[in-house]
Amino acid sequence: MCDWPACGETGEFRAPGAVPSGFDGPGAYRWFCLEHVRQFNAGYDYFAGMTAEDILAAQSPIHGWERESRVFRADPFAQNPRWGDFADPLDAIGAHMRMRVRTPEDMAAERARNAAMSLLTPDERKAMEVLGLAAGADRKALRGRYSELVRRYHPDRNGGDRSFEAKLQGVVEAYQVLRRSVAFA
Ligand SMILES: [Zn+2]
């Protein structure tokens, strides 16, 4: 049965539940009819606070469990197919991946970044790990991740809780290292 209150339709479409998916497993699900999975997806703010790069990375089907439960939102990435438009999650993933066409310019830029990445010093590699940046990340990704982590660990955002202070300090130091790196010039 559809989980939407007072709906009597068959719950054929799976959506993320209260427990998000992660390394421990695919999390909890809830099931909706087509109409209600669309309503649910439209209001589901899974990607709140994530950068564009994070969102694209999270949607890759090679990243573990999320192929089981990933929701595609129409907005702000209008090219993404809607989860509710597909009966089979893998169809949705496939359609999504086919829409991401990489241009020769994209690939040349990525090769250049990868070449620069191979020249990183040990300090720079450590900083990449601290910020959780993958090889090939560009300056936009660096800035996006930095601003995201600063917000996440800042006491102002955590009700004055200073327990994230060491992490915040590490993030700031890592950014100071990488913003001067040739890899992010
Ligand atoms: Zn329903």
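Residues numbered from 1 in each chain as written. Predicted model: local features only at pLDDT ≥ 70, side-chain atom pairs only at ≥ 80, totals over all residues.

Participant: What am I meant to see in the overall build of the protein chain here?
Facilitator: Helix and strand counts for the protein chain stand at seven helices and two strands. Of all intrachain contacts in the protein chain linking residues separated by at least 6 positions in sequence, the fraction that spans at least 24 positions is 49%. (Helix = DSSP H or I, 4+ residues; strand = E, 2+ residues; numbered from the N terminus. Contact = placed C-beta atoms within 7 Å.)

Participant: Help me out: how do you make sense of the packing of helix α6 (residues 139–153) against helix α7 (residues 165–179) in this one?
Facilitator: Each pair of packed helices can be described by the angle between their axes along with the distance between the axes. One way to put it is that α6 packs onto α7 with a least axis distance of 9 Å and a crossing angle of 160°. Considering their axes alone, α6 and α7 lie roughly antiparallel with respect to each other. Note on packing geometry: the crossing formed by α6 with α7 is left-handed. For the pair α6 and α7, the contacting residues are L142, Y146, L149, V150 and Y153 in the first and K167, L168, V171, Y175 and L178 in the second. Class assignment of the residues belonging to the contact of α6 with α7 gives a composition of nine nonpolar, no polar and one charged. (Axes fitted to C-alpha atoms, helices over the stretch in contact; angles between N-to-C directions. Parallel < 35°, antiparallel > 145°, perpendicular 65-115°, else oblique. Left-handed = near helix turned anticlockwise from the far one by under 90°. Nonpolar A, V, L, I, M, F, W, Y, C, P; charged D, E, K, R; others polar.)

Participant: Mind showing me how you'd approach the nonpolar core here?
Facilitator: Generally speaking, a soluble globular protein has its nonpolar side chains buried in company with each other. L131, L133, L142, Y146, V171, A174 and L178 are the most contacted members of the largest nonpolar core, which has 16 residues in total. Residue assignment for this core shows that the elements contributing at least two residues are α5 (122–131), α6 and α7. The element that contributes the greatest number of residues to this core is α6, accounting for five residues. Beyond its immediate sequence surroundings of up to four residues, L133 is in contact with M128, A141, L142 and R145. Listed in part, the five residues of the second largest apolar core include C2, F13, C33 and V37. (Core = buried A, V, L, I, M, F, W, Y, C linked by C-beta atoms within 7 Å. Buried ≥ 20, exposed ≤ 12 C-beta atoms within 10 Å, placed from the backbone.)

Participant: Mind showing me how you'd approach α5 here?
Facilitator: Note that an α-helix has 3.6 residues per turn; residues three or four places apart therefore point the same way. Those residues of α5 lying buried are A127, M128 and L131. One side of α5 holds all its buried residues, which, seen down the axis, span an arc of 105°. Residues of α5 that are exposed and point over 90 degrees away from its buried face: P122 and E129. Buried residues along α5 sit in contact with α6 and α7. Just downstream of α5 lies G132, where phi reads positive at about 65°. (Arc of directions from axis to C-beta.)

Participant: Got a minute to help me understand α6 in this structure?
Facilitator: With 15 residues, α6 extends 21 Å between its outermost C-alpha atoms, agreeing within 8% with the 21 Å of an ideal straight helix rising 1.5 Å per residue. For α6, the set of buried residues is A141, L142, R145, Y146, L149 and Y153. Seen along its axis, α6 keeps its buried residues to an arc of 130°; they face one direction. Facing away from the buried side of α6, by more than 90 degrees, are the exposed residues K140 and S147. (Expected span 1.5 Å × (residues − 1).)

Participant: Looking at this structure, how should I read the packing of α5 against α7?
Facilitator: One way to put it is that α5 packs onto α7 with a least axis distance of 9 Å and a crossing angle of 135°. Judged on the interaxial angle alone, α7 and α5 are oblique. Crossing hand, α5 versus α7: left-handed. Taken together, the residues of α7 that come into contact with α5 (itself represented by D123, E124, A127, V130 and L131) are G170, V171, A174, V177 and L178. Its residues placed into classes, the contact of α5 with α7 shows seven nonpolar, one polar and two charged.

Participant: So what exactly am I meant to see when it comes to the confidence of the model for the protein chain here?
Facilitator: Atom-level detail of predicted coordinates should not be read off regions where pLDDT is low. With 60% of its residues at a pLDDT of at least 70, the protein chain reaches an overall mean of 71. Predicted confidence in the protein chain is weakest over helix α3 (residues 89–99), with a mean pLDDT of 53, and strongest over α5, with 90. Low confidence marks residues 59–83, where pLDDT is under 50. Its contacts with residues over four positions away, or in another chain, come to 52 contacts. (pLDDT = per-residue confidence, 0-100.)

Participant: I would appreciate a short explanation of the environment of L131 in the present structure.
Facilitator: Tracing the chain through its elements places L131 in helix α5. Other than its neighbours up to four places away in sequence, L131 contacts R145, Y146, L149, V171 and A174.

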